[in-house]
Amino acid sequence: FFLTRASHSASQRSIRKMRVTRVFLFIALVAGLIRSVHGVECNIARAIELFPCQADDGKELTADQQKECCNGIYKTQIELPGAGGTYSRTETDSDKLWADSGCFCVEAITDQDKDFFNTVLKEAKNCAASYGAKSFVKCTATAENGLDACDTAVFGACPGTLPTNGFVGKTQAQIKAEVEARPAKTPPAPPPISIPPTATAKKVQIDLRLKDATGFLGDTKAAKDKREELESNLAKALCNCPSPTFKVKIVSVSKGSTIVKAEVVKEGGSLDANELTSINTQTSAGLGSSNYGNMNTYGNISATVPAPAPAGQAPAPIREPKTIALPSNLNSPPAKLPDAVTGIPRIGLDGSEYDGGFNITNTDYLTSVAGQMLPGVVMAVLLVVIMILMLVVYIVATLCGLTFCKCCNGAYKPRRFSKKDLKINKLVCLVFCAVTAAGAFAVFAETPPLLGYTKDLTGAMADTISELTKNVTKIADAMDAAASDPLLKIGDVSSTTTSMKDAMKSVDKTVQDAQDQIEEYVDMSGLYVTIAAGVMFGITFIVFALGFIGFWRLLIFFTIILSIMMVVGWIVWGLLSLLTVFVDDLCWAMNDYLRDRYNSDLSELIPCMDPNVAVKTMNVAREQVATGIAAVNDQLEEYAGSNPYLKYLCYNYAKVPLTDLCVNPTIYHELGYSRFVCEAENKKKLGSIADKKKWNSWDATVNDLMMFPDAFCPYPTDFYSVPLGNFSTGLRPLRCPFKGYDDAAMTQVNEFAMGQCYTMKQLPSDVFDAKAATARLAQTVLDVVPMIESLLQCELVSTAFSRMVGPCDGMASAL
């Protein structure tokens, strides 16, 4: 069910109806063999022999090109149709070349590309005398049809009756049929592949394209016999010998223009450098130069083999199909909070015990957290009650002594202490002083880490927002850049992207300012806490010193202060218990979210896009990318379909049924997209069969949803090996040196140049460059697709929690 050549061809045929290039509306003006009055016309048959005279942009002709150019001007007879539908260079008028027919004198033709025709004349002047007399070339440098490079002292004069302009009068169907019927010109070959003498390989993948051969599909005996015969013939052709030292095994056969994927293996060993060289040599020649294997019986055939890995690099990994290993607890019920870190039961103010999760909207959870401060509050209340009772007793005793009996005055009357009592008192003061010192030094020690973890926590949040801002900016910039190309523009992209960037900049500034304020408050709080701990320790030490020295009256005053501090201390202890438990629960909740975000309590507080909608959105985006690549491949097929060196753009996404992706072994088991889709399906988030049938990606033929996991180039075969971003380099051999249009808007076709390129199965240079620019812009959009999908999958939240869990745990420990 993966995307094959058949599905590619089907989609391209439908796209072709909508995106027929203008070039074919003008191709009718290109070729044509209308006979003139004297039997000669300037047409594509004569013009194509001058093709070697045109160098690529910024380059000079090579020695071989100069030789071909001179032959095309002076010697190489043109191919004309003869009897029986064949073409020959010996037909009548085959010796009447462009140069001596007066075609340089036809203004309507030369005006289309004067630079080229001047270049041809310059090359004609430089050709050696062995090619013929220069007067063979007829041209003029005067009048409206003159060419600057026409040296009348060297070249012959134009004929009295000019030949007919053959670049007119043909319909699209006529010109296409005529050019296809003509003998195919061999386009420039790509640079040869160099194989090191020490190179070896366990196996080599071969891709065959058999345009005129059928009968390989199916399980019939005839189909099996054809496949076995092809394996044998292919092995002989690849080694160019009757007895190959290796074997060929057909891996798969696709429909359409039959595409066969095969593997070349050597039993008991590896293919050596000579064998690899032979395989590459024969496939580069389309298997047509082999003296063995009878590959010509399969009709129009082309073959490709993956290029060897660069020196020092390992070859591409062999991906083994596996099933996706989903978490075992994916469908587990929501987790419950562990015991409170303080050891105090999770009991609410009403006495009930809480056994749920981290749900801050749940009143029972909030009361259970509030219950953590009960011990501290109870102790503080008891101390306050005791202090009030002591004050009441003192007041009552004083009033009683003043009004009734002086004996009442003894309630708090000091008694004489023995030396033993004094020692015990001093020891108690020392113990309390030591305990207070330990507490104060614990505050001194833990405050800096606590402040640090708090800053790290807020910093992680701010960094996540900054990263989001950068990603949104990249997405917006990519969309803006792509929108500059009319083929990629969809609606008013500029206003949308400007709003996106402005909104994110505002959010980022707000968060960064908030972080600065939080850090300022944290530093201030840390200072106050440190001062408070120091003051408490100082007062405790003063009390101990006063008791040790014996200043008892002053000691009583400081004891009252310490009593108040003790009340405040218990209240703070209760609040600290509450805060510690809450922070620890938050850390646990973050880890729980990372474990299973579908069942996490935080997923209700931080709702992400519904998985159903997210998968739909991702599928639409991925399918659009695949459709766009198919459209470009369609253009390549139209211009250069019979070019033996043609390579198509690689499809970035495969097409796999949902069941196959999530249940059966595939090579896509490690992809984040696959895991997200299959987790959603496992959680029943994608809906029932009835719901799935409403999706755009539902395929009735397989009765399943089609998913689009990332493909691994080349895909689906090695014919589709050019990455989208490498259009200008990977498809360079398809670039014709002629411009197909006379204006930048590409509305005025240059019939002469377009005919040259179309005959050579190449894209005109301006068309190629425009497509290359479009491909580069499309690649920028493709590069941000993972960012868009990460937002859809709520990976931003997961990333933030991953960064925050460490500081959060440290903060809880410090508390």
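Calculation rules
- Residues numbered from 1 in each chain as written.
- Predicted model: local features only at pLDDT ≥ 70, side-chain atom pairs only at ≥ 80, totals over all residues.
- Heavy atoms only, no water.
- Helix = DSSP H or I, 4+ residues; strand = E, 2+ residues; numbered from the N terminus.
- Buried < 20%, exposed > 50% of the residue type's maximum accessible area, 1.4 Å probe, protein only.
- Contact = heavy atoms within 4.5 Å.
- Salt bridge = Lys/Arg side-chain N within 4 Å of Asp/Glu carboxyl O.
- Disulfide = S-S within 2.5 Å.
- Axes fitted to C-alpha atoms, helices over the stretch in contact; angles between N-to-C directions.
- Parallel < 35°, antiparallel > 145°, perpendicular 65-115°, else oblique.
- Nonpolar A, V, L, I, M, F, W, Y, C, P; charged D, E, K, R; others polar.
- Phe/Tyr/Trp six-rings, centres within 6.5 Å; stacked < 30°, edge-to-face > 60°.
- Core = buried A, V, L, I, M, F, W, Y, C linked by side-chain atoms within 4.5 Å.
- Pairing = 2+ DSSP bridges.
- Patch = residues over 30% accessible without salt bridge, like charges linked within 9 Å, V, L, I, M, F, W, Y side chains within 5 Å.
- Areas by Shrake-Rupley, 256 points an atom, 1.4 Å probe, with all protein chains shown as cover.
- pLDDT = per-residue confidence, 0-100.
- Expected span 1.5 Å × (residues − 1).

Asker: Break down the overall build of the protein for me, with residues and values.
Answerer: Along the backbone of the protein there are 23 helices and 13 strands. Counting across all 815 residues of the protein, residues that qualify as buried make up 44%. Sequence separation of at least 24 residues holds for 73% of the intrachain contacts in the protein that already meet a minimum separation of 6.

Asker: Describe the pattern of salt bridges, and please don't skip the residues or the numbers.
Answerer: Considering all chains together, one arrives at 12 salt bridges under this definition. Note that Arg89 and Glu79 form a salt bridge whose closest N and O atoms lie 3.8 Å from each other. Of this pair, Arg89 sits in the loop between β3 (87-88) and α5 (107-110) while Glu79 is found in the loop between α4 (63-74) and β2 (80-81), placing the two residues 10 residues apart along the sequence. On the accessibility criterion, Arg89 (29% relative accessible area) is partly exposed. Residue Glu79 is classed as buried on the basis of its relative accessible area, which comes to 13%. With a shortest N-O distance of 3.1 Å, Lys96 and Asp93 are connected by a salt bridge. The structure contains a network of salt bridges with shared partners spanning Glu49, Glu79 and Arg89.

Asker: Got a sec to walk through unusual backbone geometry? Specific residues and values, please.
Answerer: We note that Lys684 has phi near 60 degrees; this positive angle belongs to a residue other than glycine. For Lys684, the location among the structural elements is in the loop between α18 (672-682) and α19 (689-692). At Asn703, a residue that is not glycine, the phi angle is positive and equals roughly 55 degrees. Along the chain, Asn703 falls in the loop between β11 (698-699) and β12 (704-707). Note on Asn703: relative accessible area 48%, which makes it partly exposed.

Asker: Can you explain the state of the cysteines? Please cite residues and give values.
Answerer: One pass over the structure, following the stated rule, counts nine disulfides. Covalently, Cys42 is tied to Cys103 through a disulfide, its sulfur atoms 2.0 Å apart. One quick way to see it: the torsion about the S-S bond of Cys42 and Cys103 is about -100 degrees, and its sign makes the bridge left-handed. Of this pair, Cys42 sits in strand β1 (residues 41-42) while Cys103 sits in the loop between β3 and α5; the two residues are 61 residues apart in sequence, bridging distant segments of the chain. Assigned by exposure class, Cys42 and Cys103 land together as buried.

Asker: Summarise the packing of α4 against helix α6 (residues 114-126); cite the residues concerned and give the values.
Answerer: Between α4 and α6, the shortest axis-to-axis distance is 10 Å and the interhelical angle comes to 95 degrees. When the axes of α4 and α6 are compared, the pair comes out roughly perpendicular. Together, Gln66, Cys69, Cys70, Ile73 and Tyr74 of α4 and Val120, Glu123 and Ala124 of α6 make up the contact between the two elements.

Asker: Which residues make up the packing of helix α8 (residues 221-239) against helix α9 (residues 273-284), and what are the values?
Answerer: Running from N to C, α8 and α9 cross one another at 105 degrees; their axes reach a closest spacing of 7 Å. Relative to α9, α8 is oriented roughly perpendicular. Between α8 and α9, the contacting residues are Ala237, Leu238 and Cys239 on the first element and Ser278, Ile279, Gln282 and Thr283 on the second. Class assignment for the residues of the contact of α8 with α9 results in four nonpolar, three polar and no charged.

Asker: Break down the packing of aromatic side chains for me, with residues and values.
Answerer: Per the stated rule, a full pass over the model turns up 17 aromatic pairs. With a centroid separation of 5.8 Å and 45 degrees between ring planes, the pair formed by Phe51 and Phe738 is classed as tilted. Highlighted residues: Phe51 in the loop between α3 (44-47) and α4 and Phe738 in the loop between α20 (727-730) and α21 (751-759), separated in sequence by 687 residues. The exposure classification of Phe51 matches that of Phe738, with both residues buried. An aromatic cluster of at least three residues, connected via ring pairs, comprises Phe51, Trp98, Phe104, Phe116, Phe117 and Phe738.

Asker: So what's going on with the nonpolar core? Which residues, and what values?
Answerer: Counting residues in each nonpolar core, the largest one holds 55 residues, and the members touching the most others are Val615, Leu636, Leu661, Met707, Phe727 and Leu731. At the level of elements, α16 (611-640), β9 (648-649), α17 (658-662), α18, β12, β13 (720-722) and α22 (765-792) are the ones that each hand at least two residues to this core. Core analysis: the second largest hydrophobic core is formed by 36 residues, Cys69, Ile109, Phe752 and Met760 among them.

Asker: Lay out the sheet that holds strand β10 (residues 656-657) in plain terms, naming residues and giving numbers.
Answerer: Strands pair in a sheet through their backbones, by hydrogen bonds, and they do so in one of two ways: parallel or antiparallel. Spatial ordering of the open sheet is given by β10-β12-β11, a layout of three strands whose pairing is antiparallel. Each of the sheet's edge strands pairs with one partner strand only, and the pair in question is β10 and β11. By the bridge criterion, two bridges tie β11 to β12 in an arrangement that is antiparallel. Paired with Trp698 across the strands is Leu705, a residue of β12.

Asker: Describe a nonpolar patch on the surface, and please don't skip the residues or the numbers.
Answerer: Side chains of Met387, Ile556, Ile560, Ile564, Val568 and Val572 sit close together on the surface and give an oily, nonpolar patch of about 520 Å² of accessible area. Examining the composition of the nonpolar patch, we find that five residues originate from one element, helix α14 (residues 552-595), more than from any other. Its place among the elements puts Ile556 in helix α14.

Asker: Any chance you could break down the environment of Asp113 for me, citing the residues and the numbers?
Answerer: Secondary-structure assignment places Asp113 in the loop between α5 and α6. By relative accessible area, which is 15% here, Asp113 ends up buried. It is 8.8 Å that separates the C-alpha atoms of Asp113 and Asp742, two residues lying 629 residues apart in sequence. Ignoring any residue separated from it by four or fewer positions in sequence, one finds Asp113 in contact with Phe738 and Asn750.

Asker: Summarise the pairing of β12; cite the residues concerned and give the values.
Answerer: Taken together, the two bridges between β10 and β12 define a ladder with antiparallel strand orientation. From the neighbouring strand, Val656 faces β12, where its bridge partner is Met707. From the end of β11 to the start of β12, which pair antiparallel, there are four residues, and Asn703 there has a positive phi angle of about 55 degrees.

Asker: Describe the confidence of the model for the protein, with residues and values.
Answerer: The share of residues in the protein with pLDDT of 70 or more is 80%, and the mean pLDDT across the chain is 77. Mean pLDDT values over the elements of the protein span from 30, in helix α2 (residues 23-27), up to 93, in α4. Low pLDDT (under 50) marks residues 1-38, which in the prediction has 111 contacts with non-local residues, meaning those over four places away or in another chain. In this model residues 309-315 is a low-confidence stretch, pLDDT under 50, and it forms two contacts with partners more than four residues away in sequence or in other chains.

Asker: Could you give an account of the side chain of Ser697, with specific residues and numbers?
Answerer: Inspection of the secondary structure assignment puts Ser697 in the loop between α19 and β11. Here Ser697 is in contact with Asn619, Asp704, Leu705, Met706 and Phe708, once residues within four sequence places are set aside.

Asker: How would you explain α4 if you had to name every residue and give the values?
Answerer: The end-to-end C-alpha distance of α4 is 17 Å, a good match for the 16 Å that 12 residues give at a rise of 1.5 Å each. When α4 is considered as a whole, its buried residues turn out to be Cys69, Cys70, Gly72, Ile73 and Tyr74. For α4, the secondary structure elements touched by its buried residues are α6.

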